[in-house]
Amino acid sequence: MAHVICYYTGTGNSLWAARTLASAVGGTDLASIPASRKENKTIPQSSTVGLVFPVHIWGLPRTVRNFLGTVAESKPEYCYAVAVNAGQVSNTLVQLRRELREKGSDLSSGFALVMPSNYIPWGGPGSKEKQEARFAAARSKLSAIAETIRKKEVRPVEKGPLWQRVLFTGIYDMSYPRVPEMDKSFRADEKCNQCGICVRVCPADNITLPDGKPVWNRRCEQCFACLQWCPREAIQYGKKTPGYERYRHPEVTLKDMIGD
Ligand SMILES: Cc1cc2nc3c(=O)[nH]c(=O)nc-3n(C[C@H](O)[C@H](O)[C@H](O)COP(=O)(O)O)c2cc1C
Ligand code: SF4
Ligand code: SF4
């Protein structure tokens, strides 16, 4: 296989971006990063490796960081990334390039793709019109990215303004060690019918149902898949979320997330 896109997603935006890119470029395989990590899979020797993932707290999610050794081992001739975000890519792609270089690899091109926000503690994803506008802009940017990838062009990585990179990188560095424990704010309310979907969508195997109801086990990656995919909107985070709209990419199904 000449081209593999490795993706990570909480609410489907990055999966949709990965699929859209794969079909625009052609001859491309898709691989889920959490599934590859759980199964200890290596990346088949590919000349081109793409990484498509959400920006979390102005930087790389843990799952993606922990996967970079596997990427470097596959010795890609051309490695690119699409950092899917809600408007603040900040230093994420610079961080990715640095961490790949430390592992003896490199990032040839890095793109920021703005999609609706799934960070529910700060409100919902915006009106349907605003979401549609972001999807349309993302579709057209992905066509341009596909062209760059086909030609294997080397481009400067996209990044936010300097103030954002300085301030938010500091917040990322402080928050990162505490992310696994941030699940203290999750709870399941009385609407939970013990269906177990939250357990199955969690990429970190962080949720168990000891007495039928979910318990979070301090290995969280803050992807918000559990809360956003719960069919009964029974999962809350802090006090505000009962009133907030849930978000999942409209073209991504639960089957796409859990595989059956
Ligand atoms: C914990 C968390 C932190 C986030 N931090 C950022 C951020 O720093 N900058 C940003 O633009 N978007 C941020 N987002 C929004 C997501 O990057 C964005 O909604 C993305 O499209 C989600 O992709 P997914 O559906 O593939 O998970 C954050 C989302 C979550 C859940
Ligand atoms: S997905 Fe929702 S309803 Fe199903 S077990 Fe989890 S919290 Fe309960
Ligand atoms: S517990 Fe929820 S937010 Fe944390 S990693 Fe699992 S699905 Fe994501």
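Calculation rules
- Residues numbered from 1 in each chain as written.
- Chains lettered and ligands numbered in written order.
- Predicted model: local features only at pLDDT ≥ 70, side-chain atom pairs only at ≥ 80, totals over all residues.
- Heavy atoms only, no water.
- Domains from an automatic or database assignment.
- Contact = heavy atoms within 4.5 Å.
- Buried area = accessible area lost by both parts, 1.4 Å probe.
- Salt bridge = Lys/Arg side-chain N within 4 Å of Asp/Glu carboxyl O.
- Polar contact = N/O pair within 3.5 Å; in protein donor to acceptor, adjacent residues only side chain to side chain.
- Nonpolar A, V, L, I, M, F, W, Y, C, P; charged D, E, K, R; others polar.
- Phe/Tyr/Trp six-rings, centres within 6.5 Å; stacked < 30°, edge-to-face > 60°.
- Helix = DSSP H or I, 4+ residues; strand = E, 2+ residues; numbered from the N terminus.
- Buried < 20%, exposed > 50% of the residue type's maximum accessible area, 1.4 Å probe, protein only.
- Lys NZ or Arg CZ within 6 Å of the ring centre and 35° of its normal.
- Near = heavy atom within 4 Å.
- Areas by Shrake-Rupley, 256 points an atom, 1.4 Å probe, with all protein chains shown as cover.

A. The domain arrangement of the protein chain, seen in detail. Domains assigned within the protein chain are domain 1 (3-166) and domain 2 (180-258). Each of domain 1 and domain 2 was reduced to a C-alpha centroid, and the two centroids are 23 Å apart. With 30 residues of domain 1 in contact, the opposing surface of domain 2 contributes 27 residues. The junction of domain 1 with domain 2 conceals about 2,300 Å² of combined surface from both sides, 58% of it contributed by carbon and sulfur atoms. Linking domain 1 with domain 2 are four salt bridges, by the criterion used here. Ionic pairing is found between R19 and D256, a salt bridge with its closest N-O pair at 3.1 Å. The interface formed by domain 1 and domain 2 holds 11 residue pairs in polar contact (both at pLDDT 80 or more) in total. Of the residues that constitute the side of domain 1 that touches domain 2, the class distribution is 12 nonpolar, 13 polar and five charged.

B. Spotlight on the packing of aromatic side chains. Applying the stated criterion across every chain yields a total of 12 aromatic pairs. Considering the side-chain rings of F186 and Y237, the 4.7 Å spacing of their centres and the 65° angle between planes classify their relative orientation as edge-to-face. In this pair, F186 is assigned in strand β6 (residues 186-188) and Y237 in strand β9 (residues 235-237), connecting sequence segments 51 residues apart. By the burial criterion, F186 is buried, and Y237 matches it. When the ring of F224 is compared with that of Y237, the centres are 5.0 Å apart and the planes differ by 70°; the resulting orientation is edge-to-face. Here F224, found in the loop between β8 (215-216) and α9 (225-229), pairs with Y237, found in strand β9; they are 13 residues apart in sequence, far enough to count as distant. Among the aromatic residues, ring-to-ring pairing joins W58, Y119, W122, W163, F168, F186, W216, F224 and Y237 into one connected group. Stacked on the ring of Y176, the Lys or Arg R62 has its end atom at 4.1 Å from the ring centre. For the cation-ring pair, R65 lies above Y176, with the distance from its terminal atom to the ring centre recorded as 4.5 Å.

C. Seen up close, the site of ligand 2. Residues in contact with ligand 2, as listed here, are C192, N193, Q194, C195, G196, I197, C198, P214, C230, P231 and I235. When its residues are assigned to classes, the shell around ligand 2 shows eight nonpolar, three polar and no charged.

D. Looking closely at the site of ligand 1. Contacts to ligand 1 come from 23 residues, most closely from T9, T11, S14, V55 and W58. Contact distances for ligand 1 include 2.8 Å between an oxygen atom and a backbone N or O atom of V55. Take N118: an N or O atom from its main chain is 2.9 Å from an oxygen atom of ligand 1. Against a free-state accessible area of 650 Å², the protein chains account for coverage of 96% of ligand 1. Looking at the shell around ligand 1, the elements that each hand over two or more residues are α1 (13-25) and β4 (78-85). The residue inventory of the shell around ligand 1, partitioned by class, reads 10 nonpolar, 13 polar and no charged.

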